[in-house]
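An overview of the molecular structure
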Amino acid sequence: MLSETPAGVYCSAGGFYIDPWLPVEHALITHAHGDHARPGSAAYLCADASVALLRRRFGADALIESLPYGRRITRGAITVSFHPAGHVLGSAQVRLEGPDGVWVLSGDYKRDDDPTCAAFEPVPCDTFITESTFGLPIYRWDPSSAVIADILQWWDSNRDAGKSSVLFCYTIGKAQRLLAELARVTDRPAHAHGMMLPMIEAYREAGVTMLPVRPATEQPRGTSFAGELVLAPLSARGTPWMRRLGNLSDAFASGLMRVRGVRRQRSFDRGFVLSDHADWPALLRTIEETGARRVLATHGHAEPLARFLGEQGLQSGTIRTAWEGEPSGD
Amino acid sequence: MIRFARLFDEIDQTTSTNAKVSAMTRYFASAPPADAAWAVFFLTGRRLKRLVPSASIRDWALSATGLEPWILNECYAVVGDGAETAALMLDQVPREHTEDLPLAQWVEQRILPLRQMDAPAQQARVTSWWRSLDRLQRFILLKLLTGELRVGVSQTLVSRALAQAAGLPVTSIAARLMGEWTPHAAWYASLLSQAPTDEDRSRPYPFFLASPLEGGIEALGDPAAWVVEWKWDGIRAQLVRRGDAVHLWSRGEELITHRFPEIAAAATRLPDGTVLDGEVLAFREDRPLPFASLQQRIGRQKQVAQLVRTVPVVFMTYDLLEDHGEDIRAKPLAERRALMEIRLKPDTTYGGSRLRLVEVEDRPLHNRCGPHLRTTGQRTAGQSADRLHLRRVARRGARALCQGVFRAVERRNRRNGQVDPAPHARALRSCASRRAGTGIRTGVRGHRALLTTPVGDCCPVPANAAVAEGQEARRGRYPGNCPRPPDIESAIARSSDLAIFRLPDPISRSPDHPILMVSPNPGIRKAPSGSDAAAQARRSAVTGSAMPSSVRQNVPKCIPMLVRAPTSR
């Protein structure tokens, strides 16, 4: 059904690539993160909700077609459909049905509640290709409501201390999820680095309710950020832009923050364990729910996960992709 | 335990020294004394001797989670810490009930008795305990069990917090924290007691360490108020002889008596109530041995007897702090020096040459330093006395509390006479990065240093060169390959991790012959590591006197000695 090629995962029976990392003729895109959606291909196919984000990435000229979740189309000998993956807005699993049975390629996914995107739906299949960014038993997420409460408390204590709260997070998905989750518990406006604004705007257009956001980049000189929450991409850390934020406490929202040493090594004041990827129990639960007899793991801790599944009696292996999972910003 | 876990979390969640101190102050102000005593024990880096091997923790975690050893190894590779790996994996074992035993009970009634148990009994206890704990408490428990709990604060910060909580001077807390003590409620009460406690007669006085001179040379006042002493390159130590006992303390407030039995033996012949400040040196036949030799004595715990023969040591006395039980730190140096000369007469009364008295350069500071520096060439034949130690002589009417002590360290590439700051910068950087974050004293010497131009080797001048030889003459004596001071300065300035303090030469007082005081950039200590920290350090690298006050505050201060209205020398 699928083969690993220099350009990415290729389906020869359907004549398309899935999340290719080189320009190709036909590309199926699971979601809009940079390690999955790369520019230059002749034609893209994605889930409906992903189009707005891909447009902002690829520009107005790119040929982007889309499907609603669940609608089946035929490409060559293959029936293709997208199903919600719960990762970010428009993220999709790709279901492929053909002579080799039903294959599902998960893309990135999570099982936790997320107000910014459709929830993951398990899709029965014979072969399941799962991401394994956090495929180790040390990765286990607390409920996001608890993490959000921590973030709000951190913001509050920084307000009391007259500091700004700089929360680093990924520009697509995490920032909007934070803003949407925070909107459930507060109505204070937040600030965001200029790089984040277009994607926040795209989410708003898609109907996601989020905190009001002010640009943190175009404020007049001398604007005080004391007491404010500022979302910023990791790439802004240590840049001169940070200087205007004054006395600050910084934090990183990522599943990577689960490990104390990672946070300390990067010397963040706080690390909030909030991930858009499945944790270990969610990976195992999902694999079970698909009913797949064969599971291929990709990215992150693919080998331990595959070995673990093998020990559980599943047919398992790994497949190579260029996915990066949670960007560490290095 | 919950309160201590919260404290650990607060300290762990900030890189700000002030925030750490205020978290500890809040804890000390509210915790029961018995708990606070143990908290002080752990915060100051003391450890329970390993009670449970890491391998046991690992096995218990595996049997509690039903996972295979290989997957634990994979996890360990990511986490890099055994206790944390186990605590993270144990997250799948639900917390069954909540229980908040005080820290002291945890340690005294639960953890310490494990020592007497066999492995199955230990496992039964520990696995039942962690069912009542949350993730952070489990992590702390496992760290305590393996004796690896490290909290990112130094003893100095703990002293500061205790002092704030008790309303006492930091120095008295620091003195009370020195040496050996057992953490319990009564001890904690005496630690914070307003009344002077003198139960432990082994205690040294606070160590008086070098600190960068802030401001100009004028701050030193009259040059005649200074004497020049040799600062030897060894282990700074205090020799305390009180009652029947002798205690030798390193400047890291560590007892090193047992490592240097010959010094202890020699000190037993000092009068009761004597405290000497000085330097432990590897020394043979009137020559200092390289510092590396001394390191053998520091490093090895066993076979001390053999090392006593192969690497003999002496105690080079700089100062007399207590004489016949009387604290004489307030007396003028001249008086203390006179007493020292009596107490340490170089005869066999006090162990012969084991206890020596540091030499004082008889030319006072204002006689210019050319001749002094030139003698450095001779002294460094022994490789160790390449530091100058200038010490203030108490001066009438002076606010002598802030004494200046200098160490002059020459780092030179002897092949071409070029000063090469790179190795020095590297050493300082590694020292700084080791100190950063952990708050653990590394004992690395050369933390602060003066770089001077290598006058001695490059410009042979008759030893009796007249003081009156003016600057013109001296300037003319820099041969071509001898680097001029500005070169050193610019070379160091390129090294972004160092803060540089520029001083006029305190000896020649010549602006043409500056001395650079180099210290690990304080910015590094605030931002422990990573590329961001390096960038921040670069940004905050400061040269010259235009240091912002935020940086200046982080420059380590000397602990002032008590000097009361001194008499003229």
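**Structural notes on the sheet that holds strand β17 (residues 270-272) of chain A**
All names here are of chain A.
- Sheet architecture is open: six strands sit in the order β14-β13-β15-β12-β16-β17, paired in parallel fashion. A single partner strand is all that each edge strand has here, and the edge strands are β14 (213-215) and β17. Sheet twist, expressed as the mean angle between neighbouring strand axes with direction ignored, is 30 degrees.
- Pairing of strand β13 (residues 190-192) with strand β15 (residues 229-232), which is carried by two bridges, proceeds in the parallel orientation. Paired with His191 across the two strands is Val230, which belongs to β15.
- In this fold helix α3 (residues 174-183) packs onto β12 (164-168), β13, β14, β15 and β16 (248-253), with an angle of close to 155 degrees to the strand it touches most, β15.
- On the sheet, helix α4 (residues 197-205) packs against β13 and β14 and is oriented at approximately 155 degrees with respect to β14.

**Topic: the interface of chain A and chain B**
- Contacts between the two partners involve 25 residues from chain A, matched on the other side by 28 residues from chain B.
- Ranking the residues of chain A by area buried against chain B places Ile138(A), Arg258(A) and Arg260(A) at the top, with a combined share of 22%.
- Here chain A is connected to chain B by five salt bridges.
- The tally of links between chain A and chain B comes to nine residue pairs in polar contact (both at pLDDT 80 or more).
- Elements represented by at least two residues in the side of chain A that touches chain B include exactly α5 (260-265) and α7 (302-311) of chain A.
- The leading source of residues in the side of chain A that touches chain B is α5(A), at five residues.
- Of the residues in the side of chain A that touches chain B, the class split is eight nonpolar, five polar and 12 charged.

**What to know about the side chain of Thr44(B)**
Residue and element names in this part refer to chain B.
- Considering the arrangement of structural elements, one finds Thr44 in the loop between α3 (33-43) and α4 (54-65).
- At a separation of 2.7 Å, a polar atom in the side chain of Thr44 contacts the main-chain carbonyl oxygen of Val40.
- Of the polar contacts made by the side chain of Thr44, one reaches the backbone oxygen of Phe41; its length is 3.1 Å.
- If near-sequence neighbours (up to four positions away) are discounted, Thr44 is found in contact with Gln155, Val158, Leu177 and Trp181.

**Focus: the packing of aromatic side chains**
- By the definition in use, this model includes 22 aromatic pairs over all chains.
- Note on Phe41(B) and Phe42(B): the rings are 5.3 Å apart at their centroids and 85 degrees apart in plane angle, and the pair reads as edge-to-face.
- Accessibility expressed as a relative area gives 11% for Phe41(B), which makes it buried.
- Members of the aromatic cluster, joined through ring pairs, are Phe4(B), Tyr27(B), Phe28(B), Trp38(B), Phe41(B), Phe42(B), Trp181(B), Trp187(B) and Tyr188(B).
- Here the basic side chain of Arg188(A) rests over the ring of Trp155(A), its NZ or CZ set 4.2 Å away from the ring centre.

Cut-offs and rules
Residues numbered from 1 in each chain as written. Chains lettered and ligands numbered in written order. Predicted model: local features only at pLDDT ≥ 70, side-chain atom pairs only at ≥ 80, totals over all residues. Heavy atoms only, no water. Pairing = 2+ DSSP bridges. Helix = DSSP H or I, 4+ residues; strand = E, 2+ residues; numbered from the N terminus. Axes fitted to C-alpha atoms, helices over the stretch in contact; angles between N-to-C directions. Contact = heavy atoms within 4.5 Å. Buried area = accessible area lost by both parts, 1.4 Å probe. Salt bridge = Lys/Arg side-chain N within 4 Å of Asp/Glu carboxyl O. Polar contact = N/O pair within 3.5 Å; in protein donor to acceptor, adjacent residues only side chain to side chain. Nonpolar A, V, L, I, M, F, W, Y, C, P; charged D, E, K, R; others polar. Phe/Tyr/Trp six-rings, centres within 6.5 Å; stacked < 30°, edge-to-face > 60°. Buried < 20%, exposed > 50% of the residue type's maximum accessible area, 1.4 Å probe, protein only. Lys NZ or Arg CZ within 6 Å of the ring centre and 35° of its normal.

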